[in-house]
Amino acid sequence: MPRRSSNDSDSAGAARFLEVAVPLPLSGALTYALPAGLDAPAGSRVRVTVGPRRLTGVVLRTVATSPDGVRVKPIEEVLDAEPVIPEELLDLARFAAEYYLAPIGETVRALLPSDLPRWGDRRVALTNAGALAPPRDEAERAIIESLLEHRRLRVAALRRLLPEVRDLGRRIEDLHRLGRLSMEEPGGRGTRYVKAVELRPGALDAHLETVGRAPKGRAVVELLHALGRPATLAELRAEVGCGPAVVRRLEQKGLLRTFTQPERLTLERHRLGGDDESTIILRPDQAQAVAAVEEALDAREYAPYLLHGTTGAGKTEVYLRAVRACLDRGRAAVLLVPEIALVPALASQVRARFGRELAILHSNLSSAERLQEWERIRRGEARVVLGPRSALLAPVDDLGLIVVDEEHDGAYKQDQTPRYNGRDLALWRGRHHRAAAILVSATPSLESRHNVAVGKLGKLTLRGRHGGARMPEGVLVDLREHGSAMAPGEVYFSGVLQAEIRSALDAGDQIILLRNRRGYAPVLLCRACGEDFRCADCGLSMTFHLRGAYLGCHYCGQEQPAPSVCPTCGDEALEPMGAGTERVEEKIRDLYPDVPVDTLDADAARRTGGAAAVLERFRRGTTQVLIGTQMVSKGHHFPRVALAAVLFADSYLGFPDFRAVERTYALLAQLAGRAGRGERPGKVVIQTFHPQHYAVRAALTHDDALFADEEMRFRRIFHYPPFTRMVQVLAQHEDAERAESTLRMLAARLRAQRPPREVHLLGPAPAPFERLRGRWRWQLLLRGPSSGLLRRLLRAGLDDLPAARRGDLTLDVDPYDLL
């Protein structure tokens with residue numbers, strides 16, 4: 001079996017070995033021999049064996065020697081004749097694996113589409129320009145003659161025909177960039193194929209003479225000659241109005257050849273229209289922010305900023321102008337949003353301004369769509385990339401600008417290996433590219449605020465709201481005063497809230513209601529025997545969903561039909577306890593039966609049309625009341641919303657997590673910002689049992705400084721980030737004693753190293769959610785002045801741990817969620 005290589009030589013001339021990252025939980029790469037006659041550059045994929053398994057790995061680099069005393073296996077196959085991962089992204093993977101204590105193979109795997117075809121499966125053919133241009137050397141002559149003879153060939157077949165052309169991959173890419181070769185991508189799963197035509201090699205005048213006077217035929221030939229590439233029948237019909245009969249006649253005359261190719265997907269669900277930037281006049285503070293970014297782009301130096309302003313202050317317009325400036329300077333841009341639900345609205349604005357420069361990447365695309373967009377980015381056809389955190393890993397060349405919208409959002413933190421934070425990696429990639437990086441938020445994270453204070457981030461501040469709109473008036477409802485009116489287990493609409501809802505409805509305005517729980521009720525309780533239907537794998541109560549009549553665990557995904565009688569005692573005394581979005585919707589329909597209502601939560605996002613359909617109905621005014629979880633609070637611009645209400649503001653405050661208050665404030669402040677963005681003034685109603693809490697008061701009065709000062713004081717006193725760094729170690733196993741003993745074993749090894757006094761080990765202790773997905777969980781927290789110190793300490797402790805026990809551990813550097 002291959003072994004990890006410790007050889008750091010990089011002598012290209014004598015290198016006959018490869019360091020390969022394989023998708024296994026290994027701390028380093030494996031070394032393989034490169035057979036004579038093959039070339040596998042860094043960033044290309046190769047087929048290798050690890051024990052009995054055949055895996056696809058990625059070449060990290062070539063080395064001149066192999067580890068001493070080890071028989072190194074050869075690679076089985078080279079899958080790519082060119083790198084599919086650029087060197088810069090390999091550097092990003094190395095950094096992420098090192099910093100987040102993640103296996104390099106699993107980190108590299110995150111950079112590629114899951115079903116990326118082999119480079120040799122691509123088909124190439126000569127364009128008209130390629131057939132007419134004289135070859136520049138004998139190798140190019142051989143390529144052209146082979147394609148003239150065989151018309152269209154897979155790259156792998158062309159390689160078999162021309163074994164003497166050692167740098168075939170580079171030459172094919174070069175000819176493709178010059179427009180002398182067309183290249184057809186094989187489709188991913190679910191790809192549809194369409195008929196396409198291309199012009200046979202020859203001079204335009206000769207082709208037109210063959211066509212004769214037929215106007216449609218001449219138009220087809222002239223179009224294909226001008227395009228310099230194949231066109232689909234749909235394109236020909238749209239451009240010159242010709243039908244299949246014209247194509248058949250031209251094919252019979254020997255002017256065209258037809259073939260099938262993967263359908264070009266247009267992502268129509270992301271086309272919602274957008275604003276014309278020429279009609280938008282920037283305020284002085286917006287213009288100043290854009291000018292600062294333009295100056296950084298001109299300098300081509302790393303320039304990180306925090307763009308801070310109230311909700312509705314026009315932050316989106318600032319960074320879209322920055323994207324325009326970036327493209328004008330010939331560079332590319334990446335726009336990150338925290339959730340897929342935010343993509344459609346922003347995509348409509350970006351597409352309206354930049355057209356086909358836009359590529360969209362996220363997990364809700366089909367396999368074929370993801371592959372198409374990824375290839376467009378890799379080839380430089382799309383220079384603006386939009387998506388959630390994974391879009392940061394797109395193979396963008398000459399990156400000039402990265403925007404992280406709603407940078408405070410916890411969704412930027414990956415909850416699977418590699419557990420990276422998209423916001424922080426965006427800053428690393430910006431530094432690596434000498435690019436501008438803009439973190440955007442109305443409620444910045446404490447880390448970003450701290451980085452501004454210590455000079456790591458410049459600050460761009462926007463004051464006031466777009467169009468002169470005022471911040472919404474805050475209305476507080478103290479739930480302690482309504483105890484007698486609140487029935488246990490029901491959603492509560494205070495008299496104050498009902499009056500505000502009726503006022504908004506009578507005025508024809510729209511309303512957003514926040515209840516940060518999906519489903520109908522978090523607990524279905526039998527009042528006769530106390531049965532509360534806990535998940536067998538997690539030990540937590542399953543949520544009752546009225547729509548679909550089922551119980552679901554929101555942690556492991558298990559579902560079961562909701563019973564009509566208690567299976568434990570047989571009684572019918574089953575009662576939903578608490579309220580989720582479904583119950584809120586039911587209550588609104590009871591109170592206001594003629595009002596159109598919609599719900600936006602994770603369940604709605606999975607239904608036909610997804611979140612985009614819900615938001616589009618609300619944008620058009622088809623829906624007057626929108627109920628939802630935190631998804632309704634983020635980044636949406638609905639000018640007709642006059643009222644935003646938080647039915648229960650204390651959802652996060654009681655969580656055993658040091659970020660609970662920060663999450664609460666961000667949620668309340670962001671939700672408040674949805675109201676009053678148009679001409680009419682808005683209101684925000686907050687119902688809470690903690691009316692004096694500084695997070696609630698700050699959200700009500702739009703006093704961001706109040707929250708920041710109080711929360712920073714708390715973090716400093718108790719030594720929490722951003723004033724210290726933290727690593728969470730989680731031991732998980734089906735056997736509770738095994739999970740506990742593994743973590744105690746590691747803790748003993750860590751303490752035996754006698755860490756510095758400023759390093760604190762908290763635990764081992766059961767995790768707040770002690771059992772999830774059938775596995776018992778124990779937690780150990782490391783706190784210290786630097787991440788590097790904590791990571792060195794952990795590596796030393798893990799080296800002494802048996803390999804079987806290391807497999808029980810999950811390491812999370814800079815954790816966001818400690819539950």
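It should be emphasised that the depicted structure is a prediction, and the values quoted were computed from it without experimental measurement.

A. Spatial organisation of the overall build of the protein chain. The helix and strand inventory of the protein chain stands at 26 helices and 33 strands. Computed over its C-alpha atoms, the radius of gyration of the protein chain comes to 30 Å, within 12% of the 28 Å expected for a compact globule of 819 residues. For the protein chain, the spread of C-alpha atoms along the three principal axes comes to 90 × 75 × 60 Å. Split into buried and exposed, the 819 residues of the protein chain put 56% on the buried side. At a minimum sequence separation of 6, the contacts of the protein chain that also span at least 24 residues come to 75%. A total accessible area of about 35,100 Å² is found for the protein chain, and carbon and sulfur atoms account for 49% of it. In the protein chain, 116 side chains carry a positive charge and 105 a negative one; their mean positions are 3 Å apart.

B. A look at the packing of helix α21 (residues 660-672) against helix α22 (residues 694-701). The N-to-C vectors of α21 and α22 enclose an angle of 20 degrees; their axes lie 9 Å apart at closest approach. With respect to α22, the axis of α21 lies roughly parallel. Judged by the twist between their axes, the crossing of α21 over α22 is right-handed. On α22, the residues touching Val661, Tyr665, Leu668 and Ala669 of α21 are Tyr694, Ala695, Val696, Ala698 and Ala699.

C. Fine view of the side chain of Asp598. Locating Asp598 in the fold gives a position in strand β26 (residues 597-600). On the accessibility criterion, Asp598 (12% relative accessible area) is buried.

D. Region of the structure containing the confidence of the model for the protein chain. Of the residues in the protein chain, 93% have a pLDDT of 70 or more, and the chain-wide mean is 86. Across residues 1-13, confidence stays below pLDDT 50; counting only partners more than four residues off in sequence or on other chains, it has 33 contacts. Every residue in residues 268-273 scores below 50 in pLDDT, and together they form 21 contacts with partners more than four places removed in sequence or on other chains.

E. Fine view of the environment of Glu164. In this fold, Glu164 is placed in the loop between α5 (155-161) and α6 (168-177). Classification of Glu164 by relative accessible area gives exposed; the value is 53%. Spatially, the C-alpha atoms of Glu164 and Ala142 are 9.7 Å apart, while their sequence positions differ by 22 residues.

F. Spatial organisation of the sheet that holds strand β5 (residues 77-78). Spatial ordering of the open sheet is given by β2-β1-β4-β3-β5, a layout of five strands whose pairing is antiparallel. The open sheet terminates on both sides in strands that have one partner only, identified here as β2 (30-33) and β5.

G. Expanded view of the nonpolar core. Judged by nonpolar contacts, the single largest core of 70 residues is most densely connected at Ile85, Val729, Leu746 and Leu782. The greatest single-element share of this core, amounting to seven residues, is contributed by helix α1 (residues 87-99). Beyond its immediate sequence surroundings of up to four residues, Val729 is in contact with Leu743, Leu746, Trp778, Gln779, Leu780, Leu782, Leu794, Leu809, Thr810 and Leu811. Grouped together as the second largest cluster of nonpolar side chains are 38 residues, Ala303, Tyr305, Ile360 and Val384 included.

H. Layout of the sheet that holds strand β32 (residues 775-784). Pairing is antiparallel across the open sheet formed by four strands, whose spatial order is β31-β32-β30-β33. Across the chains shown, the open sheet's two edge strands, defined by having one partner strand only, are β31 (760-772) and β33 (809-813). Between one strand axis and the next, the sheet turns by 20 degrees as a mean value, whatever way the strands run. Across nine bridges, the pairing between strand β30 (residues 725-733) and β32 is antiparallel. Residue Ala731 lies in a different strand from β32, and its bridge partner there is Trp778. Sheet contacts for helix α25 (residues 787-799): β30, β31, β32 and β33; angle to β30, the most-contacted strand, approximately 30 degrees.

I. Structural view of the pairing of strand β6 (residues 123-126). By the bridge criterion, three bridges tie β6 to strand β7 (residues 152-154) in an arrangement that is antiparallel. Bridging across to β7, Ala125 finds its partner in Arg152.

J. Quick look at α25. Taking 1.5 Å of rise per residue, the 13 residues of α25 would be expected to cover 18 Å, and the 18 Å separating its terminal C-alpha atoms lies within 8% of that figure. Of all the positions in α25, only Ser787, Gly788, Leu789, Leu790, Arg791, Leu793, Leu794, Gly797 and Leu798 are classed as buried.

K. View of helix α18 (residues 581-591). For α18, the complete set of buried residues consists of Thr581, Glu582, Arg583, Val584, Glu585 and Ile588. Packing partners of the buried residues in α18 comprise α17 (495-506), β20 (510-514), β22 (543-545), β25 (574-577), β26 and β27 (625-628).

L. Representation of the environment of Leu181 in the model. By the element assignment, Leu181 lies in strand β8 (residues 181-184). Note: C-alpha distance between Leu181 and Arg123 (58 residues apart in sequence) is 10.0 Å. Among all residues touching Leu181, those that are not within four sequence positions of it are Ala125, Leu126, Thr127, Leu147, Ile172, Leu175 and His176.

Rules and cut-offs
Residues numbered from 1 in each chain as written. Predicted model: local features only at pLDDT ≥ 70, side-chain atom pairs only at ≥ 80, totals over all residues. Heavy atoms only, no water. Helix = DSSP H or I, 4+ residues; strand = E, 2+ residues; numbered from the N terminus. Rg over C-alpha atoms; globule rule 2.2 N^0.38 Å. Buried < 20%, exposed > 50% of the residue type's maximum accessible area, 1.4 Å probe, protein only. Contact = heavy atoms within 4.5 Å. Areas by Shrake-Rupley, 256 points an atom, 1.4 Å probe, with all protein chains shown as cover. Lys, Arg positive; Asp, Glu negative; His and termini not counted. Charge placed at Lys NZ, Arg CZ, Asp CG, Glu CD. Axes fitted to C-alpha atoms, helices over the stretch in contact; angles between N-to-C directions. Parallel < 35°, antiparallel > 145°, perpendicular 65-115°, else oblique. Left-handed = near helix turned anticlockwise from the far one by under 90°. pLDDT = per-residue confidence, 0-100. Pairing = 2+ DSSP bridges. Core = buried A, V, L, I, M, F, W, Y, C linked by side-chain atoms within 4.5 Å. Expected span 1.5 Å × (residues − 1).

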